[in-house]
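Overview (structure and organization)
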Amino acid sequence: MSSDTASRFPVPQSQRLAQLGLVINAGLAVIKLLAGLLGNSYALVADAVESSTDMIGSLVVWSGLRIASRDPDELYPFGYGRAEALAAATVSAIMLGAATGIAIEAIAEIRTPHHAPAWWTLLVLAMVIVVKELLAKRVMAVGKASGSVAVAADAGHHRADAISSGAAFIGITIALIGGPGWEPADDWAALVAAGVISVNGGLLLRTALRDLMDRAPEPTVLAIVSDAALTTPGVRAIEKLKIRKSGTAFYVEIHVQADPALSLHDAHILSGMVKTAIRQRVPAAMGVLIHMEPFEPAEES
């Protein structure tokens, strides 16, 4: 975990990316829908549905990040960070719903005879793949750096759209090369895309639910916090360490053992030093609760 994570990718940048994704997805949804209807490609129509869910997903992520960035108040003393994980879970559920709808319609299209797609639909898909992959990489970079599951979910949504467009490209290509009898290849591509979308949605939903259930962060975060406390002069040992994630912030609860002869005043100063050391190493640690306890010689073993 980078020590300058929070400063390099503030929430406003994540919100701007969500807004950019909203605009791009709206434009691509219209383009793919028209191309699918005019070019006789259900895979493109299904792709347009995916872009529509991307648009809704970007709107949800943007709203979630705006709420999560609010300062703590009397009603929510621990802040609004959970809104970020709720936004991620909502986006994941939208992806799963879209995948189900696409799969049902694709199966119906496979069973219904129809004409092969127009060749020029491949040009539309090639453009979509490039745009969505570039957007996915940019959003994913910010999501990883900020630790935001909502931004990561948005990136996953963009990547799923690029993959589904790739599947449509392959399906249409097979239908055009194969000729009569191969028309359903386009619909099979839509079915494959639905599978990819559902897998991505399930993985993102699992991550979001883990954050909502206060799952411990990755071991590296625990190790950094533990080392920051143990290397603070005056600290003898650590008895307990609990960390939970709320949005992009961490809340730390740690039991620090020190010389039992310390006065209450000195113990208070030491706890402040530990808190400062932790926040220097982990800037995302918005809340650090220090429990000072006496270190007994008998506990050395």
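Here's what I pulled together on the structure shown here. (Residues numbered from 1 in each chain as written. Predicted model: local features only at pLDDT ≥ 70, side-chain atom pairs only at ≥ 80, totals over all residues. Heavy atoms only, no water.)

This next bit is on the environment of glycine 147. Tracing the chain through its elements places glycine 147 in the loop between helix H5 (121-146) and helix H6 (149-178). Considering only alpha carbons, one finds glycine 147 and lysine 245, 98 residues apart in sequence, at a separation of 9.6 Å. (Helix = DSSP H or I, 4+ residues; strand = E, 2+ residues; numbered from the N terminus.)

This next bit is on empty space enclosed by the protein. One pass over the full model with this rule turns up one cavity of 30 Å³ or more. Residue lining of the largest cavity: Ala43, Ala46, Asp47, Ile102, Ser164, Ala190, Ala193 and Ile197, and that is the complete set. If you list the elements that add at least two residues to the lining of the largest cavity, you get helix H3 (42-68) and helix H7 (185-212). Tallied by class, the residues present in the lining of the largest cavity amount to six nonpolar, one polar and one charged. (1 Å grid on protein atoms, 1.4 Å probe; cavity = no way out; pocket = protein on both sides within 12 Å on 5 of 7 lines; lining within 4 Å. Points joined across faces, edges and corners; volume = space filled by probe spheres on them. Nonpolar A, V, L, I, M, F, W, Y, C, P; charged D, E, K, R; others polar.)

Now for the side chain of glutamate 84. Residue position: glutamate 84 is located in helix H4 (residues 82-110). Nearest to the buried, unbridged glutamate 84 among oppositely charged side chains is lysine 245, at 4.7 Å. Glutamate 84 has contacts with Gly64, Leu65, Ala68, Ser148, Val149, Ala150, Val151 and Gly247, leaving out every residue within four places of it along the chain. (Buried < 20%, exposed > 50% of the residue type's maximum accessible area, 1.4 Å probe, protein only. Lys, Arg positive; Asp, Glu negative; His and termini not counted. Salt bridge = Lys/Arg side-chain N within 4 Å of Asp/Glu carboxyl O. Contact = heavy atoms within 4.5 Å.)

Across the sheet, which stays open at both edges, the three strands sit in the order S1-S2-S3 with mixed pairing between neighbours. Here the strands that pair on one side only, and so sit at the sheet edges, are strand S1 (235-246) and strand S3 (285-294). Direction aside, neighbouring strands of the sheet carry axes that sit 15° apart on average. Inspection of the sheet shows S1 paired to strand S2 (residues 249-258) by 10 bridges, in the antiparallel sense. Bridge assignment links lysine 245 to a residue of S2, and that residue is phenylalanine 250. (Pairing = 2+ DSSP bridges. Axes fitted to C-alpha atoms, helices over the stretch in contact; angles between N-to-C directions.)

Bringing a nonpolar patch on the surface into the picture now. Taken together, the side chains of Val30, Leu34 and Leu38 define a hydrophobic patch exposed on the protein surface, amounting to about 320 Å² of accessible area. Among the secondary structure elements, leucine 34 is positioned in helix H2 (residues 11-38). (Patch = residues over 30% accessible without salt bridge, like charges linked within 9 Å, V, L, I, M, F, W, Y side chains within 5 Å. Areas by Shrake-Rupley, 256 points an atom, 1.4 Å probe, with all protein chains shown as cover.)

So, about the environment of leucine 241. Within the element layout of this structure, leucine 241 appears in strand S1. For leucine 241, a relative accessible area of 26% translates into the label partly exposed. Each C-alpha atom of the pair leucine 241 and isoleucine 290 lies 9.7 Å from the other, and the pair is 49 residues apart in sequence. The contact partners of leucine 241, leaving out residues within four places of it in the chain, are Leu222, Val225, Ser226, Val252, Glu253 and Ile254.

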